[in-house]
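Inside the fold
One letter stands for each residue in the lines below.
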Amino acid sequence: MKHRSIRAQALAWLLVLAFSVTEMVAAISTPQLPYPGDTGVSKEKQEQIGRQAMGQVYTKMPVLPDTSPETQYVRRLGARLVAVIPPQYSWPYEFHVIPQKDINAFALPGGPVFVNVGTIVAAENEAELAGVLAHEMSHVYMQHSIKQMKKTQVTQGIAGVLGAVLGSMGGAGGALGQMGASIAGGALTLKYSRSDEAQADAVGAVIMYKAGYDPRYLARFFEKLARMSAGGGGPQFLSDHPAPANRTQAIDDEVRSWPPKDFVNDSEAFQRMHEHARSLQLYSAREIAAGAQSGRWAEQNREGGYTPVSEAGREPGSPRPRGGGISSVSYRDIRPSGTLTPARNDAFTISYPDNWQLYPDQSGSGVTIAPPAGVTEGAVAYGAVINIADPRAASLDEETQAVISALEQSNPALRARGRPQPVRVNGVEGRSVDLTGESPIQEEGKPAPEHDWLVALPRSDGSTLYAVFIAPERDFTELRPTFENMLRSLHLR
């Protein structure tokens, strides 16, 4: 009897040990989200950048209202994915839907995630759409945009973020808004590296697994997009998200070692929403750019219930967008006063009409000076943009040409009128050139011709200050004396 008791106890201990080992193996093989690292940029600052950028998206793109079936569905799906992220590493994720035909999605620092209806329509089931959202969420989780800022030493990189997401919106103001950071220190873009993409795949796969979706659907959807691109062209998503090598194989290898799980990869809710999304009016990239210039999307999004960050919590000095845009503004709306008021920053001093306003950019090195009626957060129809270009060329002529080329590349409508000519500004020899382009002002439903005057001046530290004076061609002659007075008041520091 005693012998049997010892054997029973031994068997019990073996069973306990077996269960313990099984639990230990499961714990080891169950995927865990990695430590995202420390960027040195506070969460509060990253969230602030994201909110500012989101406010600009709402002025540049149509966004479905919160009440739309697509937005409601995507937010429920997003909440399911967010729930598996440890709170100490999570972000205030927000999910928004853009009625654009193109297949694309992007995430901004701090948590805002945008997905095009074209992406929703291209997905065949809930797991594929969950894979896109999880991938974008992973860029936020791993703070890839902020880490890229650190690499390029852009400490206030919102202009670069917006330039990459939104592109040039026309006019010299839109072009300068995109190129300013690149000239002043290297533009931050959302075109991640392949290593970032591989990491977003790996982190996104863990999020999907924990939320109950088969992570392999993430790779399958991206591979489907790649097949769509065969022969050239293809979704914008792929140009912004370079595919890491063997994406499918890498995810398959990861999932193979994870404990089996009963995945639910589709739902009736997805299929109902998917069918409804196919009936929506969608816009092309060209139509969206035109709507941004006219102020259509800013007004439409306000009517849909969105309160722009710029009005709910405006940072001092940021331009105030007009409700109807600036397409119909005329000279009488922006007429400069005859009295100039001084302005000063670390790089220069200048005077400007006292009924115009000064709008410092996010980097602090540049400013936009414009009448309130002649500027939005995305374009300058009347006024001046002043910024600093880091030294990149051996001579002022070459640096001036580099600025011109950057302007022309970021906005194909811009063209130089002849070659730069010598100009002296308060004892400093610089270069002057006129440019032609398309204004945010509309004439008979088309962009009015724009006249821009570029002046480049060398600074003592080797950098170049450039000023662009902007007006529709029809009003440039009347504004030229004001622009010349502003230039005469410009002193380098």
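Residues numbered from 1 in each chain as written. Predicted model: local features only at pLDDT ≥ 70, side-chain atom pairs only at ≥ 80, totals over all residues. Heavy atoms only, no water.

**Notes on helix α2 (residues 43-60)**
In an α-helix there are 3.6 residues to a turn, and that puts residues three or four apart on one side. Stated formally: By definition, any uninterrupted DSSP run of H or I lasting at least four residues is a helix, any uninterrupted run of E lasting at least two residues is a strand, and each is numbered from the N terminus. To estimate the expected span of a helix, count its residues, drop one, and scale the result by 1.5 Å. With a 1.4 Å probe rolled over the protein chains alone, any residue whose accessible area is under 20% of its type maximum counts as buried; one over 50% counts as exposed, and the rest are partly exposed.
Taking 1.5 Å of rise per residue, 18 residues should cover 26 Å, and α2 covers 26 Å from first to last C-alpha, within 8% of that figure. Along α2, the positions that sit buried rather than exposed are Gln46, Ile49, Gly50, Gln52, Ala53, Met54, Gly55, Gln56, Val57, Tyr58, Thr59 and Lys60.

**As for the environment of Val82**
What counts, and what does not: Residue contacts are defined here by distance: any two heavy atoms, one from each residue, within 4.5 Å place the two residues in contact.
Mapped onto the elements of the fold, Val82 is located in helix α3 (residues 69-82). With sequence-adjacent residues up to four places away left out, Val82 is seen in contact with Ser90, Tyr93, Phe95 and Met137.

**Brief notes about the confidence of the model for the chain**
If pLDDT is low for a region, its predicted coordinates should not be looked at in detail. Condition: Per-residue confidence from the predictor is reported as pLDDT, which spans 0 to 100.
Mean pLDDT over the chain works out to 79, with 75% of the residues at or above the 70 mark. Below a pLDDT of 50 lies the segment residues 16-28, which in the model reaches one contact outside its immediate sequence neighbourhood of four places, other chains included.

**Focus on the sheet that holds strand β2 (residues 105-107)**
To keep things clear, this is the line we draw: One bridge is not enough; two strands pair if DSSP finds at least two bridges between them. Inter-axis angles, ranging from 0 to 180 degrees, are taken between N-to-C directions of lines fitted to C-alpha atoms, where helices are fitted over the stretch in contact.
With mixed pairing, three strands are arranged side by side in an open sheet as β1-β3-β2. The strands lining the two open edges of the sheet, one partner per strand, are β1 (94-98) and β2. Sheet twist, expressed as the average angle between the axes of neighbouring strands with direction ignored, equals 15°. As paired strands, β2 and strand β3 (residues 112-116) are joined by three bridges and run antiparallel to one another. Residue pairing for β3: Ala107 is matched across the bridge by Val113. The strands that α2 touches are β1, β2 and β3; relative to β3, the one it contacts most, it runs at about 30°.

**Here we look at unusual backbone geometry**
Although it is not a glycine, Gln143 adopts a positive phi angle of roughly 60°. Along the chain, Gln143 turns up in the loop between α5 (126-141) and α6 (144-152). What makes Gln143 buried here is its relative accessible area of 8%. A positive phi angle is found at Asn426, which is not glycine, with a value near 50°. Looking at the element boundaries, Asn426 is found in the loop between β9 (415-425) and β10 (428-443).

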